[in-house]
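# Coordinate analysis (summary)
One letter stands for each residue in the lines below.
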Amino acid sequence: MIELKSLKEDEIYELWEKSGYFNPDNLPRKNRKPYTIIMPPPNANGALHLGHALGIAIEDAFIRFYRLMGRKALWVPGADHAGFETQVVFEKKLEKEGRNRFDIPREELWREMYAFTQENRKTMENQLRKLGASCDWSRKKFTLDEDIIRETQRSFVELHKQGLIYRGSRLVNWCPKHQTAFSELEVKYVERVDPLYYVKYGPLSVATARPETIFGDTGLAVNPKDKRYQDYIGKDIEFDGLLGKVKLPVVADESVDPDFGTGVVKVTPAHDMTDFETGLKHDLPAKSVIDRYGKMNEFTGPYKGMKVAEARAAVVVDLEKAGRIEKIDENYRHSVATCYKCGSLIEPAILPQWYVKMKPLAAKGLEAVKSGKIKFVTEHFEKIYIHWLENIHDWNISRQIVWGIRIPAWFCAKCGEAVVSEKIPERCPKCNGSILEQDPDVLDTWFSSGQWPFLALGFPKSRDFKTYYPTDLMETGYDLVFFWVSRMIMLGLWRTKKPPFRNVYFHGMVRDKDRQKMSKSKGNVIDPLGVAEIYGADAVRMALIVGNTPGLDPVVSEDKIRAYRNFATKIRNAAKFVLTYIEPDSKIKPRFSKKDLDNLRELKIFKKEIERDIENFRLHEASNKLYHYFWHVFADKIIEESKPRLKENKDAADKAAAGETLLRMLRELIKMLHPFMPFTTEEVYQSLPDKKQTCLMAESWN
RNA sequence: GGGCGAUUAGCUCAGCUGGUUAGAGCGUCACAUUGACAUUGUGAAGGUCACAGGUUCAAGUCCUGUAUCGCCCACCA
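A short tour of the structure in this document, coming up. (Residues numbered from 1 in each chain as written. Chains lettered and ligands numbered in written order. Predicted model: local features only at pLDDT ≥ 70, side-chain atom pairs only at ≥ 80, totals over all residues. Heavy atoms only, no water.)

Counting secondary structure elements, chain A contains 20 helices and 23 strands. Seen through its C-alpha atoms, chain A measures out along the principal axes to roughly 115 × 60 × 55 Å. Across the 702 residues that make up chain A, the buried fraction comes to 57%. Here the analysis covers contacts within chain A between residues at least 6 apart in sequence; of these, 77% occur between residues at least 24 apart. Roughly 31,200 Å² of accessible area belongs to chain A as shown, and the carbon and sulfur atoms make up 51% of that amount. (Helix = DSSP H or I, 4+ residues; strand = E, 2+ residues; numbered from the N terminus. Buried < 20%, exposed > 50% of the residue type's maximum accessible area, 1.4 Å probe, protein only. Contact = heavy atoms within 4.5 Å. Areas by Shrake-Rupley, 256 points an atom, 1.4 Å probe, with all protein chains shown as cover.)

Shown next as structure tokens:
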């Protein structure tokens, strides 16, 4: 008779940490093949949510499985400074305190934000412990660690040297509220219904949704095949504008759709992405008429100082007075660009920014996936990735915020030359001027996180980098295919000449039982730590993994979590029962029945099946099968059938065989369940007779 | 405009390479239960696997098309 020791999750985690086995260097049995996962560093600006818990459950399952399989399993934890995201969170905090980021000196703001993120990191790290993450804390990294900043800046300098980073004055996506530019990925298009104004331009008329930008017109465009306007192509038209005489050239451009509006487009290069391109092609100047705060500027006469919306109304009234409005289509449906964070209308602006030239990087990124060097789970994300990379645009990596890695570029006060250098330059190489000021902008946070797999391992010189890179698995949400995964692949290949990982596992977005996305405003969020407190971390992990097909949105409800809490209870009770009939010092030799041997053999076959499932990324299947096997085969059938043999059995050798069979099966089953339910299985393991290791994770799968 | 995914029990979802009576959780019904069981066990009801064609000895599983829902991408002035 052996008693089942009861252990709390915190005690178990402490046991694990003390064992040192999270660090693969300490694992028994040396000289093994590594298995590496770099944890997607959670944003250090808040608490973990269920989506994080999902990723952690999946990654930990893989890590624990391969550790049992005898691999040198390394899981590197980290935290992301999360540039703009964190800045937004922090701004809200400042707002509540009645402060404003624009009034706080840069260094002071930085210091406050740094402290803020370090606080969050501590919370997050404890939350990861609560969830049972078996990551190597001795290797934890932050995206603003000094070595990370240094290498990130070095990448910038190197890319610049190779002509892959350039400075360009182009039309950028500008958010007037946040006062920063964005890459195209941070722009969200929303459908709206707005009036479409048909406005007379001398003999022609154009349809526009933005009449207030009329002062920035520098041309008109028609389709070269449009018969109606052949006579105008190449000529100037003149007419009376709201601020005096206007003269605009008419150009022919394929991009103009003859069937839209009147077939004539006003070209306003400074305020529209398409027009900017058209302007470049036809050599039309860009004239800004809106400032960075979304107000009309000095080129707009009486409209100066008005907000865009006011100006639009005023301009329409005046155009009507001038008899230039032909008609207004009130039900024009179109999409407008907005800030993904605050919903403000994006006001395109011409600004000098740093760009990464993407085509050469994308070519390598495409090859790696098309050739199968990097595999996506599920496969269909490869198509999405390929499509995006084949149509990629240059990447604006300048952000006008404080929170991030400074761009290693200095501008000469005398001649304006931009000097890119790892160290502060003493003189301008062009004019020899000595006053150089660093670019106030910081890098897009994805520029550094895009290098995370090799930077987190201490590239270029560390032993870890040499041992553990390329990594085996990148596990993340499918919403980051473009933002993060594609950039990691491209930048990883560029900087290290190797793919950063061999496989990418995409999980879906967690939904509630009504298939709604979880959000604070809907009030349907499940706090992973809260439910872990109530039902146990294992129950939460199982609820997140069982039946959750990679790439699809999992539905998680408290009912489901409760179901797996019951399962954990079942495991404990079954173990308790089995141990009741074990006599550790018994000298009786068990006499196994045919059925005993069959059961043991079948379990072996079953284990092989589970192994195959996990190796092929089918955690949802493996976990479900284990649940079913443990409960409905092991507990309901095998244990039940052995009860008569265990109780009041005069045949001691048969009794011993029944007990021994159950014990062997239990030992195997908790090992197999360990990747999914580490706490419960460890609790059982600690009570097993003749356990060989201090904790279950150091056991061997076979 | 393009692409992707989903459609299987009342609800939420599994079902890998096509192969015996299609599974799980929650819910429903009946019976049992001081049992290892924060209940659990036994059994039951409940599915034309969206629809229409096709391939095959065999299709929820492969192919074509249709419908509905959802998501992503795109320079809709």
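Right, let's talk about the protein's contact with RNA strand B for a bit. Near RNA strand B, the surroundings consist of 46 residues, among which Asp257, Thr274, Ser335, Arg515 and Trp631 are the closest. Considering the 4 Å shell around the protein, atoms of RNA strand B inside it are sugar or phosphate in 69% of instances. For the surface near RNA strand B, the element with the most residues is helix H16 (residues 558-580), which contributes 11 residues. Among the residues making up the surface near RNA strand B, the classes are represented as 17 nonpolar, 12 polar and 17 charged. (Near = heavy atom within 4 Å. Nonpolar A, V, L, I, M, F, W, Y, C, P; charged D, E, K, R; others polar.)

Before going further, it helps to examine the sheet that holds strand S19 (residues 418-420). Two orientations exist for strands paired in a sheet by backbone hydrogen bonds: parallel and antiparallel. Sheet architecture is open: 3 strands sit in the order S19-S18-S20, paired in antiparallel fashion. The sheet is open, and its two borders are formed by S19 and strand S20 (436-438), each paired with just one other strand. Across the sheet, the mean angle from the axis of one strand to that of its neighbour is 30°, orientation sign disregarded. In the sheet, strand S18 (residues 409-412) pairs with S19 via 3 bridges, with the strands oriented antiparallel. (Pairing = 2+ DSSP bridges. Axes fitted to C-alpha atoms, helices over the stretch in contact; angles between N-to-C directions.)

A word on the packing of aromatic side chains. Counted by the stated rule, this structure contains 43 aromatic pairs. With centroids separated by 4.8 Å and ring planes inclined at 50°, the aromatic side chains of tryptophan 110 and tryptophan 403 adopt a geometry described as tilted. Here tryptophan 110, found in helix H4 (residues 106-131), pairs with tryptophan 403, found in the loop between strand S17 (398-399) and S18; they are 293 residues apart in sequence, far enough to count as distant. Where tyrosine 564 meets tyrosine 627, the ring centres are 5.3 Å apart and the plane angle is 70°; that geometry is what we call edge-to-face. Placement of the pair is tyrosine 564 in helix H16 and tyrosine 627 in helix H18 (residues 619-646), with a sequence separation of 63 residues. Here the aromatic cluster, defined as three or more aromatic residues joined through ring pairs, consists of Tyr564, Phe567, Tyr627, Phe630, Trp631 and Phe634. Lysine 327 extends its terminal NZ or CZ atom over the ring of tyrosine 198, reaching a point 4.5 Å from the ring centre. (Phe/Tyr/Trp six-rings, centres within 6.5 Å; stacked < 30°, edge-to-face > 60°. Lys NZ or Arg CZ within 6 Å of the ring centre and 35° of its normal.)

Another point: the environment of alanine 653. Along the polypeptide, alanine 653 turns up in helix H19 (residues 652-673). Look at alanine 653 and you get buried, because its relative accessible area is 16%. Here the alpha-carbon distance between alanine 653 and phenylalanine 592, two residues 61 residues apart in the chain, equals 8.1 Å.

All right, on to unusual backbone geometry then. Residue proline 460 is bonded to the preceding phenylalanine 459 through a cis peptide linkage, with omega at 5°. In this fold, proline 460 is placed in the loop between helix H11 (452-455) and helix H12 (463-468). Following tyrosine 469, the chain continues into proline 470 via a peptide bond in cis, with omega recorded as 0°. Within the fold, proline 470 resides in the loop between H12 and strand S22 (471-477). Residues other than glycine seldom take positive phi values, yet phenylalanine 617 does so here, at roughly 65°. When you line up the elements, phenylalanine 617 lands in the loop between helix H17 (594-615) and H18.

A separate point is helix H6 (residues 273-282). The complete set of buried residues in H6 reads Asp275, Phe276, Thr278 and Gly279. Along the long axis of H6, the arc covered by the buried residues comes to 165°, so they all point the same way. Those residues of H6 that are exposed and angled more than 90 degrees off the buried face are Leu280 and Lys281. On its buried face, H6 sits against strand S5 (165-175), strand S12 (264-267) and strand S14 (349-356). (Arc of directions from axis to C-beta.)

Attention now goes to helix H5 (residues 146-161). Residues lying three or four places apart along an α-helix face the same way, a consequence of the helix completing one turn every 3.6 residues. Given a rise of 1.5 Å per residue, 16 residues ought to cover 22 Å, and the 22 Å separating the end C-alpha atoms of H5 matches this to within 8%. Those residues of H5 lying buried are Ile148, Ile149, Glu151, Thr152, Gln153, Ser155, Phe156, Val157 and Leu159. Positive phi appears at glycine 163, one or two residues downstream of H5, with a value of about 75°. (Expected span 1.5 Å × (residues − 1).)

On to the pattern of salt bridges, then. Evaluation of the coordinates by the stated rule reveals 58 salt bridges. When the shortest N-O distance is used, the salt bridge between arginine 210 and glutamate 347 registers 3.0 Å. Taken as a pair, arginine 210 in the loop between strand S8 (204-208) and strand S9 (219-222) and glutamate 347 in the loop between strand S13 (325-339) and S14 lie far apart in primary sequence, 137 residues in all. For the salt bridge of arginine 572 with glutamate 683, the shortest nitrogen-to-oxygen distance reads 2.9 Å. Note that arginine 572 is positioned in helix H16 and glutamate 683 in helix H20 (residues 678-685), a separation of 111 residues in sequence. (Salt bridge = Lys/Arg side-chain N within 4 Å of Asp/Glu carboxyl O.)

Another point: the environment of tryptophan 701. As for its position among the elements, tryptophan 701 is in the segment after H20. For the pair tryptophan 701 and aspartate 559, spaced 142 residues apart in sequence, the C-alpha separation works out to 32 Å. Aside from chain neighbours lying at most four places away, what touches tryptophan 701 is Phe65, Leu68, Met69, Lys607, Ile610, Glu611, Glu668, Lys671 and Met672.

The biggest cluster of nonpolar side chains holds 170 residues, and the ones touching the most others in it are Phe62, Phe376, Phe447, Phe567, Phe634 and Phe676. The dominant element in this core, judged by the number of residues it contributes, is helix H2 (residues 50-68), at 12 residues. Once residues lying within four places of it in the same chain are set aside, the contact partners of phenylalanine 567 are Met542, Leu626, Tyr627, Phe630, Trp631, Leu673 and Met677. (Core = buried A, V, L, I, M, F, W, Y, C linked by side-chain atoms within 4.5 Å.)

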